[in-house]
Amino acid sequence: MLFNSLQFLVFFPCVTFLYFASPVRWQWVVLLIASCIFYMSFIPFFLALLWSVIIINYWGARKMDTLTGKHRTIIFTTTISFNLIILLIFKYFDFFNMGMDGIARIFHTNNPATGWRIILPIGISFYTFQILSYLIEVYRGNQQPERHFGIFSTYIMFFPQLLSGPISRPQQLIHQFKEKHSFEYSRVTNGLKLAVWGMFKKLVIAERLAVYVNEVYNRPLDYAGISFIIATIFFAFQLYCDFSGYVDIAIGTAQILGFELPQNFRQPFFARSIADFWNRWHLTLSSWLRDYAYTPMSILLRDWGIWGGVISLIITFFICGFWHGATWNFFILGLLYGLALSFDLLTRRTWKKIWKKFPKSVEMGFSIFS
């Protein structure tokens with residue numbers, strides 16, 4: 001059940017009516033049941049997988065709260081590993097299996113798993129990262145483990161953000177499921193406007209641009225260079241409108257129900273540098289990678305000086321590419337971003353010294369690249 005489907009256009013008004021018609025103490029139940037129905041509309045089996053993930057992580061966080069020292073660390077490491085293994089199996093098995101096929105052909109042998117394929121569960125990348133942030137915040141002592149199993153389950157399964165985010169931290173969202181949400185005309189209309197705007201970006205702009213982009217990219221021999229330039233520009237806007245449109249629908253529908261989700265985009269095409277771009281594009285993923293990947297690595301490698309930062313950037317954006325998809329294209333994209341940001345880090349002081357030698361008017365012109 002995608003946001004831009006007729007089923008959702010029937011499903012969401014019914015959920016909204018039941019939600020506001022229910023007593024406050026039962027509103028989370030409406031959301032949890034609605035989230036289960038929403039997720040089952042894709043492949044019902046994967047609801048069992050999601051429930052197993054919820055149960056293990058609920059237990060792990062509660063267990064950490066009762067332990068100290070190495071025993072607490074063992075529970076934390078085990079629970080984190082469980083989530084990563086689930087993600088690796090379901091999202092990356094096919095990629096590694098195809099790699100094993102290639103190796104087997106080189107050595108003229110057979111891969112026993114040839115032909116095996118695993119269907120990717122909807123939203124697994126997003127809810128895995130949301131769960132990991134919860135566990136890390138609990139381990140660090142920044143968040144108390146949620147004792148209400150129903151509230152915790154709803155936090156993980158909340159249907160507006162289950163498929164494509166935005167990725168919420170526990171401090172941002174869990175408490176909202178315990179608050180009273182009444183029907184407020186201004187909030188509902190604002191959320192509806194945002195959802196409609198997201199639908200427009202996705203269905204009108206993104207899908208119209210996709211017609212030209214797919215035509216050129218699928219028949220490269222039939223088009224000249226200028227067509228590829230136009231198609232590439234169109235693809236950038238198609239990607240942005242498709243993803244940001246879907247997120248706008250998620251934020252808008254959540255706002256209608258009384259929930260505030262974090263913003264995920266902030267005019268990324270107005271970025272003045274690659275570093276600024278990642279401060280505007282997919283904000284919840286960027287902040288997640290910064291707080292849970294880059295910062296711990298840079299602290300670990302702080303004795304290496306600026307090169308510790310470079311290594312941390314490259315690894316972080318390799319993870320970013322790996323998270324986006326199980327193909328070499330995404331690995332290479334992540335590596336290129338890491339190298340570009342590393343170059344920015346290494347040359348930042350040099351460029352600042354150069355700009356100081358120019359008059360203000362010229363410096364302002366160069367500043368668009370900083």
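Provided above is the structure to which this section pertains.
Below you will find a few notes about this structure.

The next point concerns the pattern of salt bridges. If you walk through the whole model with that rule in mind, you get 10 salt bridges. For Asp65, the salt bridge identified is with Arg147, shortest N-O distance 3.1 Å. Of the two residues, Asp65 sits in the loop between α3 (45-64) and α4 (69-106) while Arg147 sits in the loop between α5 (124-140) and α6 (149-157), which places them 82 residues apart along the sequence. Of the charged contacts in the structure, one is a salt bridge between Arg219 and Asp222, with a shortest N-O distance of 2.8 Å. Taking relative accessible area as the criterion, Arg219 reaches 41% and is therefore assigned partly exposed. Residue class for Asp222 comes out partly exposed when judged on its relative accessible area of 48%. What emerges from the salt-bridge pattern is a single network uniting Arg169, Arg290 and Asp291.

Quick look at the environment of Thr16 now. Here Thr16 shows up in helix α1 (residues 6-21). Given a relative accessible area of 11%, Thr16 falls into the buried group. In this structure, the C-alpha to C-alpha distance between Thr16 and Ile256, residues 240 residues apart in sequence, is 8.0 Å.

Counting through the fold element by element, Asp242 comes out in helix α9 (residues 225-257). Taking C-alpha positions, Asp242 is 9.7 Å from Val204, a pair spaced 38 residues apart along the chain. Excluding residues that lie within four positions of it along the chain, Asp242 makes contacts with Lys202 and Ala206.

As a further point, take α1. Between its terminal C-alpha atoms α1 stretches 23 Å, which fits the 22 Å expected from 16 residues at 1.5 Å a residue. Of the residues making up α1, those classed as buried are Phe8, Phe11, Phe12, Val15, Thr16, Tyr19 and Phe20. The arc that holds the buried residues of α1, viewed along the axis, is 140°, so those residues lie on one side. Residues Leu6, Leu9, Val10, Phe17 and Ala21 are exposed on α1 and point more than 90 degrees away from its buried face. Its buried side turned inward, α1 meets α2 (27-40), α8 (185-218) and α9.

All right, on to the side chain of Gln176 then. Structurally, Gln176 can be placed in the loop between α7 (170-173) and α8. Given a relative accessible area of 6%, Gln176 falls into the buried group. The residues contacting Gln176, other than those within four sequence positions of it, are His181, Gly258, Phe259 and Glu260.

A word on the packing of α5 against α6. For the pair α5 and α6, interaxial distance at closest approach is 9 Å and the crossing angle is 135°. One way to sum up the angle between α5 and α6 is to call them oblique. In this structure, α5 uses Tyr127, Gln130, Ile131, Ser133 and Tyr134 to contact α6, whose residues at the interface are Phe152, Tyr155 and Ile156. Across the contact of α5 with α6, the residue classes break down as six nonpolar, two polar and no charged.

Here the focus is a nonpolar patch on the surface. Together, Ile226, Ile229, Ile230, Ile233, Phe237 and Phe269 make up an exposed nonpolar region whose accessible area comes to about 540 Å². For Phe237, the location among the structural elements is in helix α9.

Between α2 and α3, whose axes approach to 8 Å, the crossing angle comes to 135°. By the angle between their directions, the pair α2 and α3 is classed as oblique. Contact residues: Leu32, Cys36, Tyr39 and Met40 in α2; Phe46, Leu47, Leu50 and Trp51 in α3. Of the residues belonging to the contact of α2 with α3, the class tally is eight nonpolar, no polar and no charged.

In this section: the packing of aromatic side chains. This structure, assessed with the given rule, holds 50 aromatic pairs. Their ring planes at 20° and their centres at 4.6 Å tell us that Phe3 and Tyr246 sit as a pair that is stacked. Of the two residues, Phe3 is situated in the segment before α1 and Tyr246 in helix α9; the sequence distance between them amounts to 243 residues. For the cation-ring pair, Lys91 lies above Trp323, with the distance from its terminal atom to the ring centre recorded as 5.4 Å.

A few words on α3. Residues spaced three or four apart along an α-helix face the same direction, because each turn holds 3.6 residues. Over its 20 residues, α3 runs 30 Å from end to end, which matches the ideal 28 Å to within 8%, given 1.5 Å per residue. Residues of α3 that are buried include every one of Phe46, Leu47, Leu49, Leu50, Val53, Ile54, Asn57, Tyr58, Gly60, Ala61 and Met64, and no others. When α3 is viewed along its axis, its buried side chains cluster within an angular range of 165° and face the same direction.

Here we take up unusual backbone geometry. Of note, the bond from Gly165 into Pro166 is cis; its omega dihedral lies within 30 degrees of zero at 5°. One can find Pro166 in the loop between α6 and α7. Positive phi is not limited to glycine here, since Gln267 has a value of about 50°. Mapped onto the secondary structure, Gln267 falls in the loop between α9 and α10 (274-277). On the basis of relative accessibility, which here comes to 52%, the residue Gln267 falls in the exposed class. Of note in the backbone geometry, His282 takes a positive phi value of approximately 45° without being a glycine. With respect to the helices, strands and loops of the structure, His282 is situated in the loop between α10 and α11 (283-300). For His282, a relative accessible area of 1% translates into the label buried.

Reading guide: rules and limits
- Residues numbered from 1 in each chain as written.
- Predicted model: local features only at pLDDT ≥ 70, side-chain atom pairs only at ≥ 80, totals over all residues.
- Heavy atoms only, no water.
- Salt bridge = Lys/Arg side-chain N within 4 Å of Asp/Glu carboxyl O.
- Helix = DSSP H or I, 4+ residues; strand = E, 2+ residues; numbered from the N terminus.
- Buried < 20%, exposed > 50% of the residue type's maximum accessible area, 1.4 Å probe, protein only.
- Contact = heavy atoms within 4.5 Å.
- Expected span 1.5 Å × (residues − 1).
- Arc of directions from axis to C-beta.
- Axes fitted to C-alpha atoms, helices over the stretch in contact; angles between N-to-C directions.
- Parallel < 35°, antiparallel > 145°, perpendicular 65-115°, else oblique.
- Nonpolar A, V, L, I, M, F, W, Y, C, P; charged D, E, K, R; others polar.
- Patch = residues over 30% accessible without salt bridge, like charges linked within 9 Å, V, L, I, M, F, W, Y side chains within 5 Å.
- Areas by Shrake-Rupley, 256 points an atom, 1.4 Å probe, with all protein chains shown as cover.
- Phe/Tyr/Trp six-rings, centres within 6.5 Å; stacked < 30°, edge-to-face > 60°.
- Lys NZ or Arg CZ within 6 Å of the ring centre and 35° of its normal.

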